[in-house]
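Here is how the chains run, residue by residue.
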Amino acid sequence: MDKIPDKMFTVKEAADCGLPRWRLAQMVDKGVLERVSRGVYLKTGVIGSAIPEVEILMARRTDFVVALESALWIHGFSTATPHELWIALRRGARMPKVDFPLKIVRVDDRSFGMGAEWRDVQGVRARVYSPAKTVADLFKFRNKIGMERALEALKDGLRRRLFTVDELLKCAKVDRVLRIIVPYIEGYFG
């Protein structure tokens, strides 16, 4: 029992601690462990993150960045918790097999790394796009999210000074939406 971590862990991490897969199944049957997701476990009674999906992806060592609607929520643009976790993956990266609602956008290497910051997300350290990158991404993926949502986030971010215009323009350039976003920025200050 001492070997069991007080956080979510994978079958591989359990094996590294000397707990074989069959023993995990026994512990789940006895109520000592909970199977949170495919290949991910948590000690019974230990309170996980408020966003277990992020914790599960982190436990599985998935290379992702929290994006779009989920990043908006983390940055306080919205008080409504998204119904699914939005993440960005590199083009060509393997899609994680999960048993929870997940929305994925694929981006190139340059866009993937731009604006990705390590943040504390409800007790779990994960990469989240900065407010400026999130707004630029909303314009890039406006067909999935909606132009109204992108404009609302742009106005809110500028009003609350969550980013500078320069930061936003750098992200918009990487996302190739500079021509689309500039008239709205000019309209805001005009």
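This text goes with the structure placed above it.
Residues numbered from 1 in each chain as written. Predicted model: local features only at pLDDT ≥ 70, side-chain atom pairs only at ≥ 80, totals over all residues. Heavy atoms only, no water.

What about the overall build of the chain?
A tally of regular secondary structure across the chain gives ten helices and eight strands. Out of the 190 residues belonging to the chain, those deemed buried represent 45%. Look at the contacts in the chain between residues 6 or more apart in sequence, and 52% of them connect residues 24 or more apart. Entry remark: accessible area of the chain is about 10,500 Å², with carbon and sulfur atoms responsible for 50%. Placing the 34 positive and 24 negative side-chain charges of the chain at their respective mean positions leaves the two points 4 Å apart. (Helix = DSSP H or I, 4+ residues; strand = E, 2+ residues; numbered from the N terminus. Buried < 20%, exposed > 50% of the residue type's maximum accessible area, 1.4 Å probe, protein only. Contact = heavy atoms within 4.5 Å. Areas by Shrake-Rupley, 256 points an atom, 1.4 Å probe, with all protein chains shown as cover. Lys, Arg positive; Asp, Glu negative; His and termini not counted. Charge placed at Lys NZ, Arg CZ, Asp CG, Glu CD.)

Some remarks on the pattern of salt bridges
This structure, assessed with the given rule, holds 13 salt bridges. Note that aspartate 16 is salt-bridged to lysine 12, the shortest N-O span being 3.2 Å. Of this pair, aspartate 16 and lysine 12 both sit in helix H1 (residues 11-16), separated by four residues, roughly a single helical turn. Judged on exposure class, the residue aspartate 16 and its partner lysine 12 are both exposed. Here the salt bridges share partners, and the residues they tie into one network are Asp63, Arg90, Asp109 and Arg127. (Salt bridge = Lys/Arg side-chain N within 4 Å of Asp/Glu carboxyl O.)

Thoughts on the packing of helix H8 (residues 147-159) against helix H10 (residues 178-189)
Taken N-terminus to C-terminus, the directions of H8 and H10 make an angle of 50 degrees; their axes are 11 Å apart at the nearest point. One finds that H8 runs oblique with respect to H10. Of the two possible hands of crossing, H8 and H10 adopt the one that is right-handed. Counting all contacts with H8, which are made through Met147, Leu151, Leu154, Lys155, Leu158 and Arg159, the residues of H10 involved are Ile180, Tyr184, Ile185, Tyr188 and Phe189. (Axes fitted to C-alpha atoms, helices over the stretch in contact; angles between N-to-C directions. Parallel < 35°, antiparallel > 145°, perpendicular 65-115°, else oblique. Left-handed = near helix turned anticlockwise from the far one by under 90°.)

Remarks on the sheet that holds strand S2 (residues 33-37)
The strand order S1-S3-S2 describes an open sheet built from three strands, whose pairing is antiparallel. This sheet does not close on itself; its edge strands, each paired only once, are strand S1 (9-10) and S2. Relative to strand S3 (residues 40-43), S1 runs antiparallel, the two being bridged by two bridges. The residue bridging threonine 10 from the neighbouring strand is valine 40, located in S3. (Pairing = 2+ DSSP bridges.)

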